[in-house]
Amino acid sequence: MKQSTLFLGLVFVLGGVQHARPATGTALGTATAPAETASGQSPGLAEVRRVVGQLGHPSPTRRKAAMRQLAAWGPLACDALREAAGADDLETALSARDLLAQIESAFFLGAEIRLEVGRPRIAWDEATTLAFRVRNPTTAPIRVPWPKQTTAATRPSSDDAEQVGRMLDVADYLTVAGPDDHEIEPRLDPIDADEKVAQVVASRANSQPPFSAVAPGQESTLEVCQFNRGWARYPLLQAGVYHITFEHQPTWKDAAWMAEGLGRVRAGPVTIEVVRAAPDKIRLASRPLELRLDRRGEVFEAKAVSTWDRSVWLNLNLGPDLERFAQVRWRFEPGDGQEEHFWEPEPPSAAAGFLVKRLHRVDPCSSCAVASITVADAQYRAFPASAPTTRPCGMTLRYTNVMTAPQLRKIWAGRIREADIPAAVFTGSLTAEPVILKPPETGRSK
């Protein structure tokens, strides 16, 4: 599954990327609204009221032209439209109410938007910040799709839930094009790993997501910390220059307005140059971990190798109960058509309960030992005395952890501190590629 499907169906469009040499670090947006009057000035209330009066004109052409002009003025027309919404003339009142609803639900209408990149040159594993600065040059409030900021956004990193929320607030309007102009899709780690993150995502998915207003002459700033390294991120893993553009157009009911781009706001592109690429196994990965089974002398070692662009935690609290512990299970598949069989070693942590020290952090490109078995013991398990054979046998290992971080915290409450269980605990199963065992040449030992 693509990670972008976790962004609540957000749509990312590559159109509009400019190929001319862009500014590095800062780019000012352009806006099509609010339109000016014939005199070159923003309309006054009297002028707006005059055009609102045309909503009840006998000529359909005049009514449509008035609607178009008021939509172009955007927030500047809202006061007069509210007055007209209560007019005695039913057609005027209905048209005013309908247009007012469209304008009041629109974002960025009449705004000037500037994009800024905190660090324009980074390695693949270094974080940068993308800032959105929205200035209101009009005399009416402008709506933006994020809550009023109550905390500083300029620190190097932010709380996971806050970072995810800020990314979701703007991701729908972003296009990130990498080297060769290929589009970079956003990546969101599983939201069920953290209750606060899940709540933030749910709040953006409901029918009334957060928003705030930018007062006339004021500016609102939203900074997405960990733009390429956070829980919700654009993984910039390939070396080269990435172009970031912003574009939004209100969803008008009139198809002609949509076609002409009425109210469209653009910003960028700004660039980020990745000067050192991620290793291939990180760039091409589709899941966080791989389980590898290798022979080292007279021992087979199983290691979980990270192929993800962020750190993952592996739960090695092994036990017989999958509702409280993780498990490892060896599988032996004879090559002569005999029935496969399994072996689950006695877990060392079952008696001790849950130990925080058995949660292991696996950084990108690093590994963590999961289990091991001697060659002699593997042969003993693979070739039971009751079924002698000269055919080789396939052996593999499966690791399973079904408990998310919130579930582990709840199950072991009172035994461990909640803060000791990181949110990024791997949940799921890993299966190593099989290795081939040959029957022992002489005798049998356990």
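Only a predicted model underlies this, so the values are computations on that prediction, with no experimental measurement involved.

Remarks on the sheet that holds strand 14 (residues 289-296)
Reading across the sheet, the three strands line up as 14-15-20 and stay open at both edges, with antiparallel pairing between neighbours. Both edges of this open sheet fall to strand 14 and strand 20 (367-374), since each of them pairs with a single strand only. Shown here is a sheet whose adjacent strand axes are inclined to one another by a mean of 20 degrees, direction ignored. Across eight bridges, the pairing between strand 14 and strand 15 (residues 299-306) is antiparallel. Looking across to strand 15, one finds that Leu-293 is bridged to Ala-302.

Details of helix 6 (residues 195-205)
Among all positions in helix 6, only Val-197, Val-200, Val-201 and Arg-204 are buried. Down the axis of helix 6, the buried set is contained in an arc of 95 degrees. They therefore lie on one face. Every exposed residue of helix 6 that faces more than 90 degrees away from the buried side is listed here: Glu-195, Lys-196 and Gln-199. In this structure, the buried side of helix 6 is in contact with helix 5 (160-171). Near the N-terminus of helix 6, the side chain that reaches the backbone nitrogen of Lys-196, with its oxygen 2.9 Å away, is that of Asp-194.

A word on the pairing of strand 12 (residues 240-248)
With seven of its nine residues buried, strand 12 lies for the most part within the structure. Sheet analysis places strand 7 (residues 174-177) next to strand 12, joined by four bridges and oriented antiparallel. The residue bridging Thr-175 from the neighbouring strand is Thr-245, located in strand 12. The sheet contact formed by strand 12 and strand 13 (residues 265-276) spans eight bridges and is antiparallel. Residue pairing in the sheet places Glu-247 in a bridge with Arg-266 of strand 13.

Some remarks on the pattern of salt bridges
What the rule picks out here adds up to 34 salt bridges. A salt bridge links Glu-83 to Arg-49; the nearest nitrogen and oxygen atoms lie 2.7 Å apart. A residue pair is termed long-range when its members are at least 10 positions apart, and Glu-83 in helix 3 (residues 78-84) and Arg-49 in helix 1 (residues 45-52) qualify at 34 residues. Judged by its relative accessible area of 46%, Glu-83 is partly exposed.

About the cut-offs
Residues numbered from 1 in each chain as written. Predicted model: local features only at pLDDT ≥ 70, side-chain atom pairs only at ≥ 80, totals over all residues. Heavy atoms only, no water. Pairing = 2+ DSSP bridges. Helix = DSSP H or I, 4+ residues; strand = E, 2+ residues; numbered from the N terminus. Axes fitted to C-alpha atoms, helices over the stretch in contact; angles between N-to-C directions. Buried < 20%, exposed > 50% of the residue type's maximum accessible area, 1.4 Å probe, protein only. Arc of directions from axis to C-beta. Contact = heavy atoms within 4.5 Å. Polar contact = N/O pair within 3.5 Å; in protein donor to acceptor, adjacent residues only side chain to side chain. Salt bridge = Lys/Arg side-chain N within 4 Å of Asp/Glu carboxyl O.

In short, shape yes, function no, at least from these values alone.
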